[in-house]
Amino acid sequence: MVFSIRLPAAAFSVPSLYNNSTYAHRNSLSLLMTNYSFSGNTFAGKYSQESKSSPFVVGASEKLLVPGSQSDGSSSLKGKFKAADLAVEDPLVSHNDNQPESEHVDTILTDNEDREPATEYSEIESISSLVLGEDCTISRESEMIREISIPPPGTGLKIYEIDPLLKSHKEHLDYRYGHYKKMREAIDKYEGGLEQFSRGYEKFGFVRSETGITYREWAPGAKSAALIGDFNNWNSNADVMTRNEFGVWEIFLPNNVDGSPPIPHGSRVKIRMDTPSGIKDSIPAWIKFSVQAPGEIPYNGIYYDPPEEDKHVFQHPRPKKPKSLRIYEAHVGMSSTEPTINTYANFRDDVLPRIKKLGYNAVQIMAIQEHSYYASFGYHVTNFFAPSSRCGTPDDLKSMIDRAHELGLVVLMDIVHSHSSNNTLDGLNMFDGTESHYFHSGSRGYHWMWDSRLFNYGHWEVLRYLLSNARWWLDEYKFDGFRFDGVTSMMYTHHGLQVAFTGNYNEYFGFTTDVDAVVYLMLVNDVIHGLFPQAISIGEDVSGMPTFGLPVQDGGVGFDYRLHMAIADKWIELLKKRDEDWQMGDITHTLTNRRWSEKCVSYAESHDQALVGDKTIAFWLMDKDMYDFMALDRPSTPLIDRGIALHKMIRLITMGLGGEGYLNFMGNEFGHPEWIDFPRADQHLPDGKFVPGNGNSFDKCRRRFDLGDADYLRYHGLQEFDVAMQHLEGIHGFMTSDHQYISRKDEGDRVIVFERGNLVFVFNFHWTNSYSDYRVGCLKSGKYKIVLDSDDKRFGGFSRIDHSADSFSLEGVYDNRPRSFMVYAPSRTAVVYHLVEGGVKPIK
């Protein structure tokens, strides 16, 4: 059957904006100090510039010679090499996720000779492994990346082998892949390849050279342009820019007579343009730092180029990509226990060690890209290349990431390329006075629900901007990958709004598919994985588009993982009912309803479920009783007992069955009692409706980590269970095991039994019934030992199970398994059994 395909809105043109050879790359110069310095009140929000001392906060170091380098520091490594050439062992990376740090987890675990160890990583090692010597390895990474040749497009045909049903939509998929290949060919022809194309930040914005500063901006709608700022007393006649035939404005500012840069570090800068909409002062689109002065609403672009001694120098190589991804989702600003905006420095010193101790191996940072509206949670980006100034400086952020790498934590960034802030003063909207500059014009360029602008992914300069943006965060800040926000909105012209995806392939491949956006996602995954083989890309997609998690060369979109959003929605749906009405088949179907060979990250709740107007799982379960009955020296209530039991079961079964990765939003590991409510004032909407604020309070825009740490509160038991859960996965790697089998989903007993790896999970969701000598199926013969018990007293349970009792397998088919063993399954408990092979050892 042949289906129609959607052609691009307009055929792309390839403007050769400049001759690459005429533009010098940014040099690492030792800039002279200026009299300008940041003051403590330069940045919006409350934070101190006095950072806690830390051994890894260092100044600029002298150049170090490395194997294969010349005496002048230049590399003798010449010629292009492929990403696959990076597959060498990294002697510097010795982080072992199998060595949990918590001393409180003594759950019995065993050796497992039949499975791959949890510390085994992907075959492609980190780029930093090419160079020996700890001090110079990470510092030379950017130089080495320039030598990489991103592999050319493949045939794009393997998707039909993986899923033969896709052949019915072959015309659409072949067109999509053909369009992608044409874009790759055009980029190779006119830009020298994706590697050079994705370095737009070395040509646009402010580019420092030995002789001065060049500033370029693409603004084809402007009639005239001038660079203004503190450096020229905001005189629009002082530094007038010139325009080339493709709408790129440019000016070169030579160094001062004394050799100092023409624009001092920390200066406010803007571009003044005469546009079709009138005279407009805009923050440069490629600005690297932007701040809001106290008492002011608009932001100011900041020329950020500190002297060498003030720049953070990365000391620690990137950790290897973990096979099992356990993500701790965090927001730096609201990570303090105090009602304030937290800083990168405090997060580095206080929160990162906590994440490591909990047993997670990755931290996903939200709200990094600058956003003028704090309550947008970082999703209305105004300055795409600038880190949020509320939490500190760019070098503070680099120091935070360096510390995470020292701890062995992979750092993912929640990146927003699905839309842009509607702001015209400090964002991209109407940048050159036209609505179709970076975005689609008309209704197609406006997201009615989010009140934001939508990119035109078919435009050459938009591709340059966004591809360069992704590379900037990986290269300059050493992020290890991304979680792409709102990908469903990108891939469809209806943005996934008011659409119920049923799994019918016609919903994915047709007129409503935005092919330009899908091709952009393929290109950005090429950049991410081609230049940074260890990098991870996760897409937030609720539609379930086939091929989303398959490699680009095979015809897929290229993401490593899809965020399994349906699971959290299912839990909220169930929590609105009595657990007596839950259906075991419904739960297991939702948890396992994912495409074969396409990996997913599962979660029971993320930041979405914790926002004001919704409830966390803990609050759905225990409601107001959490305020009065969580102290261990006070009697519990049936609601608290039920909530604590189900909270543990929900998290474990989600991790056990939901995907190949797991995500937790900070605080939910101990059942954070309150929602998130960003500080906000009263609002009067245009329609006259009054929306009350919260008096700009930060009281509920923080995380009460002290509750989880207090061993006299029941929150502590929930947190300890999360620690045990993460370390169980760290030892056994069950999320990535090829073996997964659900042997029982009994609606009468309310029991779910499944195998994953060499573990057998037994969940009894019954509210009153406990089962003695309950028979569960298993695959292998031998002795089974308890390795995790949600009813353990340390986890807020009732200790109804004897952990010293062993279970021995019986021959004979049971629940379609060749063998079985007998267990005690108390009500509302989850117990994990391990096939003992090679002895038993406790976690220390």
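Not measured: the values here are computed from a predicted model. (Residues numbered from 1 in each chain as written. Predicted model: local features only at pLDDT ≥ 70, side-chain atom pairs only at ≥ 80, totals over all residues. Heavy atoms only, no water.)

**Student:** Give me the lowdown on the overall build of the protein chain, citing residues and values where you can.
**Tutor:** For the protein chain, the count of helices and strands is 16 helices and 37 strands. Expressed as a percentage of its 844 residues, the buried residues of the protein chain come to 60%. The contacts in the protein chain between residues at least 6 apart in sequence include a share of 76% that link residues at least 24 apart. (Helix = DSSP H or I, 4+ residues; strand = E, 2+ residues; numbered from the N terminus. Buried < 20%, exposed > 50% of the residue type's maximum accessible area, 1.4 Å probe, protein only. Contact = heavy atoms within 4.5 Å.)

**Student:** I'd like a rundown of the confidence of the model for the protein chain, residues and numbers included.
**Tutor:** Here the protein chain shows a mean pLDDT of 85. Residues at 70 or above account for 82%. When the criterion is pLDDT under 50, residues 1-136 qualifies, and its contacts beyond four places in sequence or with other chains add up to 345 contacts. Between residues 838-844, whose pLDDT stays under 50, and residues either more than four places distant or in other chains, the model counts 22 contacts. (pLDDT = per-residue confidence, 0-100.)

**Student:** Account for the pairing of strand 35 (residues 817-825), naming residues and giving values.
**Tutor:** For strand 31 (residues 771-778) and strand 35, the ladder comprises six bridges, and the chain directions are antiparallel. Each bridged residue has a counterpart across the sheet, and for Tyr 774 the counterpart in strand 35 is Val 823. Bridge count for strand 34 (residues 810-814) against strand 35 is three bridges, and the pairing is antiparallel. Counterpart to Tyr 814 in the pairing with strand 35 is Arg 817. Counting the residues that bridge the hairpin from strand 34 to strand 35 gives two residues, and of these Asp 815 lies at a positive phi of roughly 50°. (Pairing = 2+ DSSP bridges.)

**Student:** I'd love a proper account of the UniProt feature "active site" (unreviewed entry) in the protein chain, names of residues and values included.
**Tutor:** UniProt records the feature "active site" (unreviewed entry) for Asp 485 and Glu 540 in the present numbering. Taken together, the annotated residues stretch across 56 residues yet fold into one region, lying no more than 5.5 Å apart by C-alpha. Within the secondary structure, Asp 485 is located in the loop between strand 21 (481-484) and helix 9 (487-491). The exposure class assigned to Asp 485 is buried, which follows from its relative accessible area of 8%. Setting aside its immediate chain neighbours within four residues, Asp 485 contacts Tyr 379, Asp 414, Ile 415, Val 416, Ser 418, His 419 and Glu 540. Its relative accessible area of 9% is what places Glu 540 among the buried residues. Apart from the residues within four sequence positions on either side, Glu 540 is in contact with Arg 483, Phe 484, Asp 485, Gly 486, Val 487, Thr 488, Leu 563, Met 565 and Asp 608. (UniProt positions renumbered as here; feature names shortened; annotations may be inferred.)

**Student:** Provide a residue-level description of unusual backbone geometry, including the pertinent values.
**Tutor:** In this structure, Lys 478 takes a positive phi of about 65° despite not being glycine. Following the sequence through the fold, Lys 478 ends up in the loop between helix 8 (460-475) and strand 21. Lys 478 gets classed as buried once you look at its relative accessible area, which sits at 4%. Non-glycine residue Asp 623 carries a positive phi angle of around 50°. By the secondary structure assignment, Asp 623 is in the loop between helix 13 (617-622) and helix 14 (638-657).

**Student:** An account of empty space enclosed by the protein is requested, with residue identities and associated values reported.
**Tutor:** According to the stated counting rule, one finds ten cavities of 30 Å³ or more in the structure shown. Taken as a whole, the second largest cavity encloses approximately 80 Å³ of empty space. Of the residues that constitute the lining of the second largest cavity, the class distribution is six nonpolar, three polar and two charged. (1 Å grid on protein atoms, 1.4 Å probe; cavity = no way out; pocket = protein on both sides within 12 Å on 5 of 7 lines; lining within 4 Å. Points joined across faces, edges and corners; volume = space filled by probe spheres on them. Nonpolar A, V, L, I, M, F, W, Y, C, P; charged D, E, K, R; others polar.)

**Student:** Break down the sheet that holds strand 36 (residues 829-835) for me, citing the residues and quoting the values.
**Tutor:** Either a parallel or an antiparallel arrangement is found when strands of a sheet pair, and the pairing is made through backbone hydrogen bonds. A sheet is described by the order of its strands in space; here six strands give the open sequence 28-29-30-36-32-33, paired in antiparallel fashion. Looking at strand neighbours, the two that pair on one side only are strand 28 (740-746) and strand 33 (807-808), the edges of this open sheet. As defined by bridge partners, strand 32 (residues 783-789) adjoins strand 36 across five bridges and the pair is classed as antiparallel. Bridged to Ile 786 within strand 36 is Tyr 833. The strands touched by helix 12 (residues 584-592) within the sheet are strand 28 and strand 29 (751-756), with strand 28 carrying the most contacts at an inclination of about 160°. Against the sheet, helix 14 contacts strand 28, strand 29, strand 30 (759-764), strand 32 and strand 36, and its axis sits at roughly 40° relative to strand 29. (Axes fitted to C-alpha atoms, helices over the stretch in contact; angles between N-to-C directions.)

**Student:** An account of the sheet that holds strand 13 (residues 325-331) is requested, with residue identities and associated values reported.
**Tutor:** Taking strand neighbours around the barrel as the criterion, the eight strands line up as 13-14-17-21-22-23-24-25 in a closed arrangement whose pairing is parallel. Strand-to-strand, the axes of this sheet are offset by a mean angle of 30°, without reference to chain direction. Summarising the sheet, strand 24 (residues 600-602) and strand 25 (residues 661-665) pair through two bridges and their orientation is parallel. Residue pairing across strands places Val 601 opposite Gly 661, the latter belonging to strand 25.

**Student:** Before we move on, can you summarise the environment of Asn 696 with the specific residues and values?
**Tutor:** Mapped onto the secondary structure, Asn 696 falls in the loop between strand 27 (690-691) and helix 15 (705-709). Since its relative accessible area comes to 45%, Asn 696 is described here as partly exposed. Linking Asn 696 and Asp 682, residues 14 residues apart in sequence, is a C-alpha distance of 8.9 Å. In contact with Asn 696, not counting residues within four places along its chain, are Pro 679, Arg 680 and Ala 681.

**Student:** For a nonpolar patch on the surface, give the residues involved together with the corresponding values.
**Tutor:** Together, Tyr 446, Trp 448 and Met 449 make up a nonpolar patch on the protein surface, roughly 330 Å² of accessible area in all. The residue Tyr 446 is located in strand 19 (residues 446-447) in this model. (Patch = residues over 30% accessible without salt bridge, like charges linked within 9 Å, V, L, I, M, F, W, Y side chains within 5 Å. Areas by Shrake-Rupley, 256 points an atom, 1.4 Å probe, with all protein chains shown as cover. Salt bridge = Lys/Arg side-chain N within 4 Å of Asp/Glu carboxyl O.)

**Student:** I'd love a proper account of the side chain of Asn 764, names of residues and values included.
**Tutor:** Structurally, Asn 764 can be placed in strand 30. At 3.1 Å, the side chain of Asn 764 and the backbone oxygen of Ala 825 are in polar contact. At 3.0 Å, the side chain of Asn 764 forms a polar contact with the backbone oxygen of Pro 826. In this structure, Asn 764 is in contact with Met 649, Asp 749, Arg 750, Val 751, Asn 769, Ser 770, Tyr 771, Ala 825, Pro 826, Ser 827, Arg 828 and Thr 829, ignoring residues within four places of it in sequence. (Polar contact = N/O pair within 3.5 Å; in protein donor to acceptor, adjacent residues only side chain to side chain.)

**Student:** Let's hear about the packing of helix 4 (residues 170-191) against helix 10 (residues 515-531): which residues, and what values?
**Tutor:** Orientation of helix 4 relative to helix 10, taken along the N-to-C sense of each, is 55°, at an axis distance of 10 Å. One finds that helix 4 runs oblique with respect to helix 10. Helix 10 is crossed by helix 4, and the crossing has right-handed handedness. Across the interface between the two elements, His 172, Tyr 175, Arg 176, Tyr 177, His 179, Tyr 180, Met 183 and Arg 184 of helix 4 pack against Val 515, Asp 516, Val 518, Val 519, Met 522, Leu 523 and Asp 526 of helix 10. For the contact of helix 4 with helix 10, a count of residues per class yields nine nonpolar, two polar and four charged. (Parallel < 35°, antiparallel > 145°, perpendicular 65-115°, else oblique. Left-handed = near helix turned anticlockwise from the far one by under 90°.)

**Student:** How would you explain the nonpolar core if you had to name every residue and give the values?
**Tutor:** With 180 residues, the main nonpolar core has Phe 347, Tyr 438, Trp 473, Phe 479, Trp 582, Ile 653 and Phe 763 as its most contacted residues. The element contributing the most residues to this core is helix 10, with twelve residues. Leave out the neighbours within four places in its chain, and Trp 473 touches Ile 368, Gln 369, Phe 384, Phe 385, Ala 386, Pro 387, Leu 397, Met 413, Ile 415, Lys 478, Phe 479 and Phe 482. (Core = buried A, V, L, I, M, F, W, Y, C linked by side-chain atoms within 4.5 Å.)

**Student:** Lay out the pairing of strand 8 (residues 248-254) in plain terms, naming residues and giving numbers.
**Tutor:** As paired strands, strand 5 (residues 212-218) and strand 8 are joined by seven bridges and run antiparallel to one another. Looking at strand 8, one finds that Trp 218 is bridged to Val 248. Strand direction decides the pairing type here: strand 7 (residues 242-243) and strand 8, joined by two bridges, are antiparallel. The residue of strand 8 that forms the bridge with Thr 242 is Glu 250. The hairpin turn running from strand 7 into strand 8, its antiparallel successor, is four residues long, and Gly 247 in that turn takes a positive phi close to 85°.

**Student:** Break down the side chain of Ser 809 for me, citing the residues and quoting the values.
**Tutor:** Here Ser 809 shows up in the loop between strand 33 and strand 34. Looking at Ser 809, its side chain comes within polar contact range of the main-chain nitrogen of Gly 782, at 2.8 Å. Those residues in contact with Ser 809, other than ones at most four positions away along the chain, are Cys 778, Lys 780, Ser 781, Gly 782, Tyr 784, Arg 819, Ser 820 and Phe 821.

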